[in-house]
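Structural overview for review
Given next are the chains, with one letter for each unit.
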Amino acid sequence: MARVAILMGSPNDYEVMKPAEKVLAQLGIESDVRVISAHRTPARLVSFLAEAEDQGIEVVICGAGGAAHLAGAAAAHTPLPVLGVPIDSSPLNGWDALLATVQMPPGVPVATFGVGAWGAKNAGIFAAQIMAGADAEVRKAVEKFRADQTANAPERP
Ligand code: RP5
């Protein structure tokens, strides 16, 4: 059963968002990957989030580019933690998405990550770290991920 939802505004965002899905799978966490746009499919956003918690979703990751409202709109519709990944798909190279995602007015927070694939991977790891607080298996997986990462870091180039 999926415990993390990975939402993105366009199928064209998938390549950038794949690292979130991949790292979650490495950590043993199933994700539900959906194309949902705050602008193009607002009703789909509302209906997905109305059901998400009952379906077992614990964390929502949102990737979007341009005037990126997806994460903020998602956060408005769920008490679940929303992690935002700005995508560099517009002529402004992600600056627009970064500012739109990070600068939420007080009261409806979005935890915003770096632009692009780096942010997507970190959002996946962070989702697991949120879950690790209440799930010993996930905590073990996160600790192993960190230990492997350290073991694989070379001392010299
Ligand atoms: C945003 O607009 C999407 O997140 C995407 O990054 C961007 C462009 O979408 P497409 O025109 O490529 O579908 O909503």
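In case you missed it, the structure is sitting above this.
The sections below set out a description of the structure shown in this document. (Residues numbered from 1 in each chain as written. Predicted model: local features only at pLDDT ≥ 70, side-chain atom pairs only at ≥ 80, totals over all residues. Heavy atoms only, no water.)

A short note on helix α6 (residues 136-151)
To keep things clear, this is the line we draw: The way it works is that DSSP assigns letters per residue, a run of H or I at least four long becomes a helix, a run of E at least two long becomes a strand, and they are numbered from the N terminus. In a helix, the anticipated span is given by 1.5 Å times the number of residues less one. Note on classification: 1.4 Å probe, protein chains only; a residue is buried when its accessible area is under 20% of the maximum for its type, exposed when over 50%, partly exposed between these limits. To obtain the arc, one takes the directions from the helix axis to the C-beta atoms. Any two residues whose heavy atoms approach within 4.5 Å at even a single point are treated as in contact. Two N or O atoms count as a polar contact when they lie within 3.5 Å, although within protein this holds only if one can serve as hydrogen donor and the other as acceptor, and sequence-adjacent residues are included solely when both atoms are side-chain atoms.
Taking 1.5 Å per residue as the helical rise, α6 with its 16 residues ought to reach 22 Å, and the 22 Å between its terminal C-alpha atoms agrees with that figure. Restricting attention to buried positions, one finds in α6 the residues V138, A141, V142 and F145. One side of α6 holds all its buried residues, which, seen down the axis, span an arc of 100°. Turned more than 90 degrees away from the buried face of α6, the exposed residues are A136, K140, K144, T150 and A151. Next to the buried residues of α6 lie α1 (14-26) and α5 (117-132). The N-terminus of α6 is capped by D135, whose side-chain oxygen sits 2.9 Å from the backbone nitrogen of E137.

Brief notes about a nonpolar patch on the surface
As a reminder, the rule being used: Like-charged residues are merged into a patch within 9 Å and nonpolar side chains (Val, Leu, Ile, Met, Phe, Trp, Tyr) within 5 Å, provided each residue has over 30% relative accessible area and no salt bridge. Areas reported here follow the Shrake-Rupley algorithm with a probe of radius 1.4 Å; residue values treat only the protein chains shown as occluding. The salt bridge definition used is simple: a Lys or Arg side-chain nitrogen within 4 Å of an Asp or Glu carboxyl oxygen.
Nonpolar side chains collect at one region of the surface, where L92, W95, L99 and V102 lie side by side and expose about 450 Å² of accessible area between them. Within the secondary structure, V102 sits in helix α4 (residues 95-102). The partly exposed category is assigned to V102, whose relative accessible area is 38%.

Details of the pattern of salt bridges
Under the criterion given, the structure shown has seven salt bridges. Linking E143 and R139 is a salt bridge whose minimum nitrogen-to-oxygen distance equals 3.0 Å. Of the two residues, E143 and R139 both sit in helix α6, four residues apart, roughly one turn of that helix. Relative accessible area serves as the criterion here: at 41%, E143 is assigned to the partly exposed category.

This is a description of form; function is not addressed.
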